[in-house]
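Structural description and commentary
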Amino acid sequence: MEAQDSATATASIAVPATPPASHTAARTESPAGSRRGTLLASLGVAAFSLTFPSTAWGLESFGPWSLVALRTILAAAIAGVFLLALRVPVPERRHWGSLLVVAGGVVVGFPLLTTLALRTSTTSHAAVVVGLLPLTTAAFAAVRTGRRPSRTFWGAALAGAAAVVAFTLGESGGSLSAGDPYLFGALLVCAAGYTEGGRLARLMPGWQVAGWALVLCLPLALAGAVVALMAEPVRPTAHGLVGLAWVAAGSTFFGLYVWYRGMASIGIARASQLQLAQPLLTLVWSVLLLSEQLSPAAPLAAVAVLVCITVTQRTST
């Protein structure tokens, strides 16, 4: 981890719930800080874009319950090593409620529900969830934090979401699949987890938010792995093991680390709109890694999404 995080890790994370005005202004108005926050959040989006193809690979070797349990165990082990090595103090009691929301929504809920959905849905169809996630996260953030984005922001966010949904539904033929209930449930729990994690990342380093959420889930994941591995067949393959490694180390640990740091810097609503690019990145990976077919409409959808992202990033939130 960076020296900044290492230094922060050795200090108490007990800070005022509302930072001084000067401190807040420095974090939210500095151009350099905004660019750095945008870069970190973008790295998170890039890591997340590989989640669905990697999950599809993982399902070649493991059942859905086994895959989710194992990815959580591995990611929690990585997080635990960093927490112990840097002697990070245990969060205050007032933070554990939010950490439980992050754990339930981002560490367990979203991975489990999307993995169950990918048994019957293609990765392109599952990208509908990611297409709607930025708008849902912005709505959760507005309610939870009391900050109200401008009408221009909402207009661009809605336009971007509509473009992504139209494109991904077109890719899947416009029909609903058996996995849709899982996908819509994943959308809601993940938006809640992102919002709470983004709030906590302003009080402690983002990797600690992800780390403690993972550690919270470790006992449940261990018990789940024992049961799931006895009930579901295991067929180790190169694809399956690589997929498991990525969803654990890449998506779950590294992705959440840079994502929450980015959200803490540029705000939950603005960071969430960067995810409008995630479905299109996922479709590219699906073509390269899963040999799925990509329609000629992809470049048009990419341009529309990038325009919407530009507007939301330039709009005051």
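Throughout this description, residue numbers start from 1 for each chain and increase along the sequence as written. Note on the predicted model: pLDDT of at least 70 is required for a residue's local features to be given, and 80 or more for side-chain atom pairs to be given and counted; whole-chain, interface and lining totals, by contrast, use all residues. Each side-chain value is derived from all of the structure's non-hydrogen atoms; neither hydrogens nor water enter the calculation.

1. Points about the overall build of the protein chain
Note the following rule: Here a helix means four or more residues in a row that DSSP labels H or I, a strand means two or more in a row labelled E, and each is numbered from the N terminus. Per-residue accessibility, obtained with a 1.4 Å probe over protein chains only, is compared with the maximum for each type, and a residue is labelled buried under 20%, exposed over 50%, and partly exposed between these values. By the convention used here, residues are in contact when the closest approach between their heavy atoms is within 4.5 Å. Exposure was quantified through the Shrake-Rupley algorithm and a 1.4 Å probe, taking into account, for residues, occlusion by the shown protein chains and nothing else.
Each helix and strand in the protein chain was counted, giving 14 helices and 0 strands. The N-to-C order of helical and strand elements in the protein chain reads α-α-α-α-α-α-α-α-α-α-α-α-α-α. Put simply, the protein chain has 317 residues, and 52% of those count as buried. Here the analysis covers contacts within the protein chain between residues at least 6 apart in sequence; of these, 92% occur between residues at least 24 apart. On the protein chain, roughly 13400 Å² of surface is accessible, and the fraction owed to carbon and sulfur atoms is 70%.

2. What about the nonpolar core?
Using the following cut-off: By nonpolar core is meant a set of buried Ala, Val, Leu, Ile, Met, Phe, Trp, Tyr and Cys residues that side-chain atoms within 4.5 Å join together.
Grouped together as the largest cluster of nonpolar side chains are 67 residues, with contacts concentrated most on Tyr 194, Val 209, Leu 214, Leu 256, Trp 259, Tyr 260 and Met 263. With 10 residues, helix H11 (residues 238-266) is the single largest residue contributor to this core.

3. Considerations on the environment of Cys 217
Within the fold, Cys 217 resides in helix H10 (residues 206-231). Here the alpha-carbon distance between Cys 217 and Gly 104, two residues 113 residues apart in the chain, equals 8.2 Å.

4. Examining the packing of helix H9 (residues 180-200) against H11
How we decide: Axis lines are fitted through C-alpha atoms, for helices just across the contact stretch, and the angle between N-to-C directions can take any value from 0 to 180 degrees. In this scheme, a crossing is called left-handed if the near helix is turned counterclockwise away from the far one by less than a right angle; it is called right-handed if the turn is clockwise. Gly falls in the polar group here, along with every residue not listed as nonpolar (Ala, Val, Leu, Ile, Met, Phe, Trp, Tyr, Cys, Pro) or charged (Asp, Glu, Lys, Arg).
Between H9 and H11, the least distance of the axes is 8 Å, while the angle of their chain directions is 65°. Crossing geometry of H9 relative to H11 is assigned as right-handed. Mapping the contact onto sequence places Gly 193, Tyr 194, Gly 197 and Gly 198 in H9 and Leu 256, Trp 259, Tyr 260 and Met 263 in H11. Partitioned by chemical class, the residues of the contact of H9 with H11 number 5 nonpolar, 3 polar and no charged.

5. Observations regarding the packing of helix H5 (residues 64-85) against H11
For clarity, the threshold we go by: Here the angle decides the label: under 35 degrees means roughly parallel, over 145 means roughly antiparallel, 65 to 115 means roughly perpendicular, and every other value means oblique.
The interhelical angle for the contact between H5 and H11, taken along N-to-C directions, is 50°, at an axis separation of 9 Å. Taken together, the axes of H5 and H11 are oblique relative to one another. You can see that H5 and H11 cross each other, and the crossing is right-handed. Where H5 abuts H11, its residues Leu 67, Leu 70, Arg 71, Leu 74, Ala 75, Ile 78, Ala 79 and Phe 82 lie against Leu 244, Val 247, Ala 248, Ala 249, Ser 251, Thr 252 and Phe 253. Residues of the contact of H5 with H11, tallied by class, amount to 12 nonpolar, 2 polar and 1 charged.

6. Things to note about the packing of aromatic side chains
Spelled out, the test is: What counts as a ring pair is set by centres within 6.5 Å for rings of Phe, Tyr and Trp (its six-membered ring), and what kind of pair is set by the plane angle: stacked under 30 degrees, edge-to-face over 60, tilted for all other angles.
Under the criterion given, the structure shown has 8 aromatic pairs. Geometrically, the ring pair formed by Phe 82 and Trp 207 is edge-to-face, given 6.1 Å between the ring centres and 65° between the ring planes. Of this pair, Phe 82 sits in helix H5 while Trp 207 sits in helix H10, and the two are 125 residues apart along the sequence. Residue class for Phe 82 comes out partly exposed when judged on its relative accessible area of 28%. The class of Trp 207 is buried, set by a relative accessible area of 0%. Look at Tyr 194 and Trp 259: their rings are 5.4 Å apart centre to centre, the planes differ by 55°, and that puts the pair in the tilted class. Taken as a pair, Tyr 194 in helix H9 and Trp 259 in helix H11 lie far apart in primary sequence, 65 residues in all.

7. Some remarks on the confidence of the model for the protein chain
This is how it is decided: As a per-residue measure, pLDDT reflects the predictor's confidence and takes values from 0 up to 100.
Residues of the protein chain with pLDDT of at least 70 account for 87%, and the chain-wide mean is 82. In this model, residues 1-29 is a region of pLDDT below 50 whose contacts with residues beyond four sequence positions or in other chains number 48 contacts.

8. So, the side chain of Ser 54
Structurally, Ser 54 is set in helix H4 (residues 51-58). Ser 54 gets classed as buried once you look at its relative accessible area, which sits at 6%. Contacts of Ser 54, omitting those with residues within four sequence positions, involve Gly 243, Trp 246 and Val 247.

9. Focus on a nonpolar patch on the surface
Note the cut-off: Patch definition: residues with relative accessible area over 30% and no salt bridge; like charges joined within 9 Å; nonpolar side chains (Val, Leu, Ile, Met, Phe, Trp, Tyr) joined within 5 Å. A pairing counts as a salt bridge when a side-chain nitrogen of Lys or Arg comes within 4 Å of a carboxyl oxygen of Asp or Glu.
Together, Leu 281, Val 284, Trp 285, Leu 288 and Leu 289 line one region of the surface with nonpolar side chains, adding up to about 400 Å² of accessible area. Looking at the element boundaries, Leu 289 is found in helix H13 (residues 278-290). With relative accessibility at 30%, the residue Leu 289 sits in the partly exposed group.

10. As for the pattern of salt bridges
A complete count under the given rule lists 3 salt bridges for this structure. In this structure, Glu 92 engages Arg 94 in a salt bridge whose closest nitrogen and oxygen atoms are separated by 2.8 Å. Judged by its relative accessible area of 28%, Glu 92 is partly exposed. Residue Arg 94 is classed as partly exposed on the basis of its relative accessible area, which comes to 43%. With a shortest N-O distance of 2.5 Å, Glu 196 and Arg 144 are connected by a salt bridge.

11. Notes on H10
Here is the rule: For a helix, the expected span equals 1.5 Å multiplied by the number of residues minus one. Fitting axes to the seven residues ending at a residue and to the seven starting there, one defines the bend at that residue as the angle between these axes.
Between its first and last C-alpha atoms H10 spans 36 Å; for 26 residues at 1.5 Å apiece the expected length is 38 Å, and the two agree. Taken as a whole, H10 carries its principal kink of about 45° at Leu 218; the proline Pro 219 stands between one and four residues after it.

12. Some points on the environment of Val 209
One can find Val 209 in helix H10. Along the sequence, Val 209 and Arg 261 sit 52 residues apart, while their C-alpha atoms lie 9.5 Å from each other. Once residues within four sequence positions are removed from consideration, Val 209 is found in contact with Leu 99, Val 102, Gly 197, Leu 200, Ala 201, Met 204 and Tyr 260.

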